[in-house]
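Chain by chain, the residues:
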Amino acid sequence: MSRAFLIVMDSVGAGGAPDAADFFNDGRPDTGANTLAHIAASRPLVMPNLDQLGLGAAVHLASGQRPAGLKAVPEGLWGAATEAASGKDTPSGHWELAGVPVPWDWHYFPDTRPAFPAVLSAAVARLTDTGGILGNCHASGTEIIARLGEEHLRTGWPICYTSADSVFQIAAHEGVFGLQRLLDLCQGVADLVHPMRVGRVIARPFTGTPGRFTRTANRRDFAIPPPGDTVLDIAQAAGRQTHAIGKIGDIFSGRGIGRLHKGASDADLADHLIGLADRAEPGSLTFANFVEFDSLYGHRRDIDGYAKALEWFDGVAGAFIARLGPGDLALFTADHGNDPSWSGTDHTRERVPVIGWGAGAHAAGLVDFVDVGASVLDHLGLTPRKGVSFLP
Ligand SMILES: O=P(O)(O)O[C@H]1O[C@H](CO)[C@@H](O)[C@H]1O
Ligand SMILES: [Mn+2]
Ligand SMILES: [Mn+2]
C-alpha cells in the first residue's frame with residue numbers, strides 16, 4: 001500500500017505572494033521578500049537533490065526570480081503554493097497545508113509597551129506567584145534573554161514577549177525558574193489566551209549565566225487545536241498509522257498523531273525521517289517539520305547560516321529519497337517565508353515551493369495550500385474535504 005511523506009522546511013519561502021503588501025516587518029511591507037532567491041543572491045546554492053526535483057523552477061514559478069545555483073530541468077513534481085489564511089505564522093501555514101484553513105482572524109498583541117493588557121500580565125504573575133512579569137513587548141527571543149536574563153535571575157519574574165505572530169512567549173531559566181514550572185505556567189496562560197484567539201503560548205527555556213545565556217532544546221508550543229479534521233485526523237480515522245516528526249505534534253495539538261518522533265536538533269529529526277523511509281508502515285502518513293531554518297537562521301537574519309542549513313538539508317533529502325520505493329510519495333514544502341535579508345525579525349509573506357518525488361516529472365503549477373493535503377490524501381486513496389489533488 002502507498003505511503004506518503006509530507007515534509008515542511010519551516011520558512012523556506014519562494015517569494016511572489018500576491019498579498020505580500022498586507023504583511024509587514026518593522027513597518028516595511030513584505031512585497032518582494034523571497035527567502036530562497038535572496039539567500040541564493042548572497043552566493044549560489046548547491047542543492048542538487050531538491051533542485052533536480054524542481055526547486056529552482058518552483059521559485060521561478062512563484063516569483064519570477066531565478067535563484068543562483070538552482071537551474072536544473074525538473075525531473076520531479078514541482079509547483080508553488082499560495083496561502084489563503086490571514087496569518088503568516090506556523091499553525092496557519094501547517095493547518096492549511098493539512099486541509100484546514102484558519103477560519104478566524106488571530107488576536108495579535110500590539111507593538112507597544114506594554115504589549116499585553118494589564119489584567120493579562122497580572123494574571124500571568126498570579127499563576128506563577130511572582131510580583132510581576134518582565135519584557136511585556138515585541139522582541140526577538142535571543143535578544144530579550146541577553147537583555148533581561150540577569151534581571152530574571154535576580155527577581156524570579158518570567159520574561160514575557162510577543163512578535164508579529166499571534167503568540168505569547170515566556171522565557172525562563174531552566175535551572176533557576178525550573179523547566180516544569182515554566183511548562184505549567186505556559187499551560188495556564190494558554191488556557192487564558194486561547195479563548196482570545198491567541199494561537200500559541202511558547203515556552204522558551206534557557207540556561208547559562210549573564211552574557212552567556214543560551215536557549216535549550218526544551219521549547220514547547222501550546223497551540224489552539226485545529227478547527228477541523230486535518231489530513232492526520234482523516235488518515236488516522238481510516239486506520240492508517242500517522243508519524244509526526246519534530247514540532248508537528250505541538251502544531252496539531254497532538255491530534256491525529258499515532259507516533260511522535262522528537263529530537264533536540266534538525267539532525268536528530270533527519271535521522272527519524274531517514275529511519276521512517278525504511279520502516280514506516282504501508283499506507284502510513286509521515287508529517288515532518290524541520291524548524292531550524294526558521295528558528296536559528298530566519299528570525300536571526302543569518303543569511304550564511306540559512307544557506308548552509310539548506311545545503312545540509314539537501315543532502316538529507318537525497319539520503320531519504322534513496323530509501324523510498326515504488327508507491328511512495330514525498331512532498332517537500334514550507335509553511336511561510338522568513339527572508340533573512342529582510343528588515344525586522346518576523347516571518348515574511350511568500351508563496352512556498354512544492355517539490356515531489358514519486359509522481360514522475362510533472363508541473364503542478366500554482367496551487368493552493370489546501371491542495372497539498374488533498375494530494376497527500378489522494379495518494380493514500382483517501383478522500384479530501386478541501387482542495388484538489390495536483391498529482392498526475
Ligand atoms: O524570536 P523567537 O523567540 O525565536 O520567536 C520567534 O518564534 C516564534 C514562533 O515561530 C515567532 O513568533 C517569533 O517570535
Ligand atoms: Mn513556521
Ligand atoms: Mn518562526
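Residues numbered from 1 in each chain as written. Chains lettered and ligands numbered in written order. Predicted model: local features only at pLDDT ≥ 70, side-chain atom pairs only at ≥ 80, totals over all residues. Heavy atoms only, no water.

### Examining the overall build of the protein chain
Cut-off, in case you're wondering: Helix numbering and strand numbering both begin at the N terminus, where a helix is a DSSP run of H or I of at least 4 residues and a strand a DSSP run of E of at least 2. Working definition: with a 1.4 Å probe on protein chains only, accessible area under 20% of the residue-type maximum means buried, over 50% means exposed, and in between means partly exposed. Pairs of residues are marked as contacts when any of their non-hydrogen atoms sit within 4.5 Å. Per-residue and other accessible areas were derived by the Shrake-Rupley procedure at a 1.4 Å probe size, with only the shown protein chains allowed to occlude residues. The charged-residue count follows a simple rule in which Lys and Arg add positive charge and Asp and Glu add negative charge, with His and chain termini not counted at all. A charged residue contributes its charge at one atom only: NZ of Lys, CZ of Arg, CG of Asp or CD of Glu.
Helix and strand counts for the protein chain stand at 13 helices and 16 strands. Within the protein chain, buried positions represent 60% of all 392 residues. A fraction of 69% describes how many contacts in the protein chain between residues 6 or more apart in sequence connect residues 24 or more apart. Accessible surface, the protein chain as shown: approximately 14200 Å² in total, 52% of it carbon and sulfur. Looking at the protein chain, you have 32 positive and 43 negative side-chain charges, and the mean spots of the two groups are 3 Å apart.

### What to know about the site of ligand 1
So the rule is basically this: For each residue, the test is whether any non-hydrogen atom lies within 4 Å of the molecule or strand; if one does, the residue is near. Polar contact criterion, stated in full: a pair of N or O atoms within 3.5 Å, where within protein one must be able to donate a hydrogen and the other to accept it, and residues adjacent in sequence count only if both atoms are side-chain atoms. Residue type decides the class: Asp, Glu, Lys and Arg count as charged, Ala, Val, Leu, Ile, Met, Phe, Trp, Tyr, Cys and Pro as nonpolar, and the leftover types, Gly among them, as polar.
Taken together, 16 residues lie near ligand 1, and Gly-141, Tyr-161, Gln-169, Arg-215 and Arg-300 sit nearest. Take Tyr-161: an N or O atom from its side chain is 2.7 Å from an oxygen atom of ligand 1. The contact in question runs from an oxygen atom of ligand 1 to an N or O atom on the side chain of Arg-215, over 2.7 Å. In the complex, 98% of the free accessible area of ligand 1, which totals 360 Å², lies under the protein chains. Broken down by secondary-structure element, the contributors of at least two residues to the shell around ligand 1 are strand 7 (167-173) and strand 8 (200-207). The element contributing the most residues to the shell around ligand 1 is strand 8, with 3 residues. The class makeup of the residues in the shell around ligand 1 is 3 nonpolar, 6 polar and 7 charged.

### Here's the deal with the side chain of Asn-136
Along the chain, Asn-136 turns up in strand 5 (residues 134-138). Judged by its relative accessible area of 12%, Asn-136 is buried. A distance of 2.9 Å separates a polar atom in the side chain of Asn-136 from the backbone nitrogen of Phe-116. Not counting the four nearest positions on each side in its chain, Asn-136 is found in contact with Thr-112, Arg-113, Pro-114, Ala-115, Phe-116, Ser-121 and Cys-160.

### Brief notes about the sheet that holds strand 14 (residues 328-333)
Note the following rule: Pairing between two strands requires that DSSP report at least two bridges joining them. Under this scheme, a helix contributes an axis fitted over its contacting stretch, all axes are lines through C-alpha atoms, and angles between N-to-C directions fall in the 0 to 180 degree range.
Across the sheet, which stays open at both edges, the 8 strands sit in the order 12-11-13-1-14-15-4-16 with mixed pairing between neighbours. Because the sheet does not close on itself, it has two edges, and the strands there are strand 12 (259-261) and strand 16 (362-368). On average, each strand axis in the sheet is tilted by 15° relative to the strand beside it, whichever way the strands run. Pairing between strand 11 (residues 242-245) and strand 12: 3 bridges, direction parallel. In the sheet register, His-243 faces strand 12, and the bridge partner there is Arg-259.

### Observations concerning the UniProt feature "binding site: Mn(2+) 2" (unreviewed entry) in the protein chain
To keep things clear, this is the line we draw: UniProt positions are given in the numbering used here, feature names are shortened, and annotations may be inferred rather than shown by experiment.
Using the residue numbers shown here, the UniProt feature "binding site: Mn(2+) 2" (unreviewed entry) corresponds to Asp-294, His-299 and His-347. Spatially, the listed residues are clustered: although they cover 54 residues, their C-alpha atoms lie within 8.3 Å of one another. Position of Asp-294 among the secondary structure elements: in helix 11 (residues 292-298). Once residues lying within four places of it in the same chain are set aside, the contact partners of Asp-294 are Asp-10, Ser-11, His-299, His-336, Asn-338 and His-347. By the secondary structure assignment, His-347 is in the loop between strand 14 and strand 15 (352-357). When residues no more than four places from it in sequence are discounted, the contact partners of His-347 are Asn-25, Asp-30, Lys-88, Asp-89, Thr-90, Asp-165, Asp-294, His-299, His-336, Gly-337 and Asn-338.

### Remarks on the nonpolar core
The cut-off we apply is this: Among buried residues, those of type Ala, Val, Leu, Ile, Met, Phe, Trp, Tyr and Cys that are joined through side-chain atoms within 4.5 Å constitute a nonpolar core.
Formed by 86 residues in total, the largest nonpolar core has its most connected members in Phe-313, Phe-320 and Phe-332. With residues up to four places along the chain from it excluded, the contact list for Phe-332 reads Ile-7, Met-9, Leu-50, Leu-53, Phe-313, Ala-317, Phe-320, Ile-321, Pro-353, Val-354 and Ile-355. Counting residues in hydrophobic clusters, the runner-up holds 22 residues, among them Phe-116, Leu-120, Phe-177 and Ala-203.

### Regarding the coordination of the manganese ion (ligand 2)
How we decide: In this description, a donor is an N, O or S atom within 2.8 Å of the metal centre, a cutoff extended to 3.2 Å for sodium, potassium and calcium. Water is not part of the atom list, which can make sites seem incomplete.
Donor atoms from the polypeptide that coordinate the manganese ion (ligand 2) comprise Asp-10 (OD), Asp-10 (OD), Thr-90 (OG1), Asp-335 (OD) and His-336 (NE2), at 2.1 to 2.7 Å from the metal. Each donor residue of the manganese ion (ligand 2) belongs to the same chain, and together they define the spacing D-x79-T-x244-D-H. In this structure, the manganese ion (ligand 2) lies 4.6 Å from the manganese ion (ligand 3). His-336 shares its class with Asp-335; the two are buried.

### Some details on the UniProt feature "binding site: Mn(2+) 1" (unreviewed entry) in the protein chain
When the UniProt feature table is mapped to this numbering, "binding site: Mn(2+) 1" (unreviewed entry) covers Asp-10, Asp-335 and His-336. What stands out for the annotated residues spanning 327 residues is how close their C-alpha atoms remain, the widest pair being 7.2 Å apart. Of note, Asp-335 is situated in the loop between strand 14 and strand 15. For Asp-335, a relative accessible area of 0% gives the class buried. Within the structure, the side chain of Asp-335 is placed 3.5 Å from the side chain of His-94, a separation counted as a polar contact.

### Focus: the coordination of the manganese ion (ligand 3)
Asp-294 (OD), His-299 (NE2) and His-347 (NE2) make up the full set of protein donors to the manganese ion (ligand 3), lying at 2.1 to 2.2 Å. What makes His-299 buried here is its relative accessible area of 15%. Relative accessible area serves as the criterion here: at 1%, His-347 is assigned to the buried category.

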